[in-house]
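Chain by chain, the residues:
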Amino acid sequence: MKFHIMTLFPEMIEQSLSNSITGRAREKGYISFNAVNIRDFSNDYKHHKVDDYTYGGGAGMLMQAQPIYDCFQSVKESIIKEGGNNPRVIYVTPQGSVFNQSMAADFAREEDIVFLCGHYEGVDERVLEEIVTDYVSIGDYVLTGGELPAMVMIDAISRLVPGVLNNDESAMTESFNNNLLEYPQYSRPEEWMGKKVPAILLSGDHKKVDEWRLEQSIIRTKERRPDLYEKWLAENPPQPEKKKRRRRKKTEVTDTEAVTDVVTKENSDNVSE
Ligand code: ADE
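Because the structure is a prediction, the values reported are computed rather than measured.

### As for the overall build of the protein chain
Per the secondary structure count, the protein chain includes 11 helices and 9 strands. Burial analysis of the protein chain (273 residues in total) assigns 39% to the buried set. Long-range pairs, those at least 24 residues apart, make up 74% of the contacts in the protein chain between residues at least 6 apart in sequence. Per element, the accessible surface of the protein chain, about 16500 Å² overall, is 50% carbon and sulfur.

### Overview of the site of the ligand
Taken together, Val92, Thr93, Pro94, Val136, Ser137, Ile138, Gly139, Tyr141, Val142, Leu143, Gly145 and Pro149 make up all the residues around the ligand. Threonine 93 places a main-chain nitrogen or oxygen 3.2 Å from a nitrogen atom of the ligand. In this structure, a nitrogen atom belonging to the ligand sits 2.7 Å away from a main-chain N or O atom of tyrosine 141. Compared with its free state, where it exposes 260 Å², the ligand has 95% of that area covered by protein. Broken down by secondary-structure element, the contributors of at least two residues to the shell around the ligand are strand 5 (88–98) and strand 7 (134–137).

### Notes on the packing of aromatic side chains
Two measures describe an aromatic ring pair: the distance that separates the ring centres and the angle between the ring planes. All told, the structure shown has 4 aromatic pairs when counted by the stated rule. Summarising the aromatic geometry, the rings of tyrosine 91 and tyrosine 135 are spaced 6.1 Å apart at their centres and angled 85° between planes, so their arrangement reads as edge-to-face. With tyrosine 91 in strand 5 and tyrosine 135 in strand 7, the pair connects residues that are 44 residues apart, well separated along the chain. Take tyrosine 135: its relative accessible area is 32%, and that puts it in the partly exposed class. By way of ring pairs, the aromatic residues Phe3, Phe33 and Phe115 are connected into one cluster.

### Observations regarding the environment of tyrosine 186
One can find tyrosine 186 in the loop between helix 7 (167–171) and strand 8 (191–192). Classification of tyrosine 186 by relative accessible area gives partly exposed; the value is 44%. Residues tyrosine 186 and valine 197, 11 residues apart in the sequence, show an inter-C-alpha distance of 6.5 Å.

### A word on the packing of helix 1 (residues 10–17) against helix 6 (residues 147–158)
Where helix 1 meets helix 6, the axes come as close as 10 Å, and the angle between the chain directions of the two elements is 35°. Between helix 1 and helix 6 lies a crossing whose hand is right-handed. Along its contact with helix 1, which presents Met12, Ile13, Ser16 and Leu17, the element helix 6 presents Glu147, Leu148, Met151 and Ile154.

### Structural notes on the sheet that holds strand 5
Taken in spatial order, the 5 strands of this open sheet run 2-1-6-5-7, and their pairing is parallel. Two strands bound the open sheet, and with one partner strand each, they are strand 2 (32–37) and strand 7. Geometrically, the sheet is characterised by an average inter-axis angle of 30° between neighbouring strands, direction not taken into account. Alignment of strand 1 (residues 2–7) against strand 6 (residues 112–117), held across 5 bridges, turns out to be parallel. Bridge assignment links lysine 2 to a residue of strand 6, and that residue is aspartate 112. Lying on the sheet, helix 3 (residues 65–81) is in contact with strand 1, strand 2, strand 5 and strand 6; it crosses strand 1 at an angle near 165°.

### A look at the pattern of salt bridges
Opposite charge on two side chains allows them to pair when their charged atoms are near. One pass over the full model with this rule turns up 10 salt bridges. For the salt bridge of arginine 88 with aspartate 106, the shortest nitrogen-to-oxygen distance reads 3.2 Å. You can see arginine 88 sitting in strand 5 and its partner aspartate 106 sitting in helix 4 (residues 101–107), a full 18 residues away along the chain. Given a relative accessible area of 19%, arginine 88 falls into the buried group. Judged by its relative accessible area of 28%, aspartate 106 falls in the partly exposed class. Residue aspartate 134 is joined to arginine 88 by a salt bridge in which the shortest nitrogen-to-oxygen separation is 3.1 Å. Taken together, the residues span a long stretch of sequence, with aspartate 134 in strand 7 and arginine 88 in strand 5 at a distance of 46 residues.

Conventions we followed
- Residues numbered from 1 in each chain as written.
- Predicted model: local features only at pLDDT ≥ 70, side-chain atom pairs only at ≥ 80, totals over all residues.
- Heavy atoms only, no water.
- Helix = DSSP H or I, 4+ residues; strand = E, 2+ residues; numbered from the N terminus.
- Buried < 20%, exposed > 50% of the residue type's maximum accessible area, 1.4 Å probe, protein only.
- Contact = heavy atoms within 4.5 Å.
- Areas by Shrake-Rupley, 256 points an atom, 1.4 Å probe, with all protein chains shown as cover.
- Near = heavy atom within 4 Å.
- Polar contact = N/O pair within 3.5 Å; in protein donor to acceptor, adjacent residues only side chain to side chain.
- Phe/Tyr/Trp six-rings, centres within 6.5 Å; stacked < 30°, edge-to-face > 60°.
- Axes fitted to C-alpha atoms, helices over the stretch in contact; angles between N-to-C directions.
- Left-handed = near helix turned anticlockwise from the far one by under 90°.
- Pairing = 2+ DSSP bridges.
- Salt bridge = Lys/Arg side-chain N within 4 Å of Asp/Glu carboxyl O.

Structure below.
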């Protein structure tokens, strides 16, 4: 997977993605970063200007169409030369669809992805119409530029590229898998500040541990992310009561019963990758 980042601050990208897991994945050749300075494509050879005032007035400067377009043509040419296809071009903007795990998985299937990082008050609309395929935001707040959002997305996408995570890391259960948050985890010592590790985790009974973890994931998601919990519930509706239970006084299926039903029904595939 090759990331091409069109930016006014290529060193920002280089510095942050060269470390940790993305740095290691790059060294091993699973991913590559190509941070391209839009300023190098300015027609203003003296000052390398890339911005100008906005037609119609208003505060702030706008990134001009020409340097971005020429920068993109150069990136596209290099992709095609290497045997790639027309790439998806993500413009990182608070006006885009909000990035999530399934979008990360979708982008991770591409060979090449181009990011356009904006600055100042934005980008001339005409070049966006010409080159952008996806408008993506990382949340409902405004940052000073597109580099941080692009790096957030690149990090999330990279770890889904086959080979980037080692076995231990990729075997880890993840939040947002199946719309559930990850269950609580514990390491040594068994007791810390008077708090004990839940006994079930020391039992050695893997089936029970998996059931407990799924139950905890459900409880945690319901408490912390009711929006996700609703999605999960829609995909995992409570099962009809079993015959044994039907003899009991008929009541509505409670959440606890929904949890228990699912815990019984689902196996550990539901939470483990
Ligand atoms: N640029 C500025 N703010 C942003 C955001 N929240 N998401 C994506 N790009 C941005």
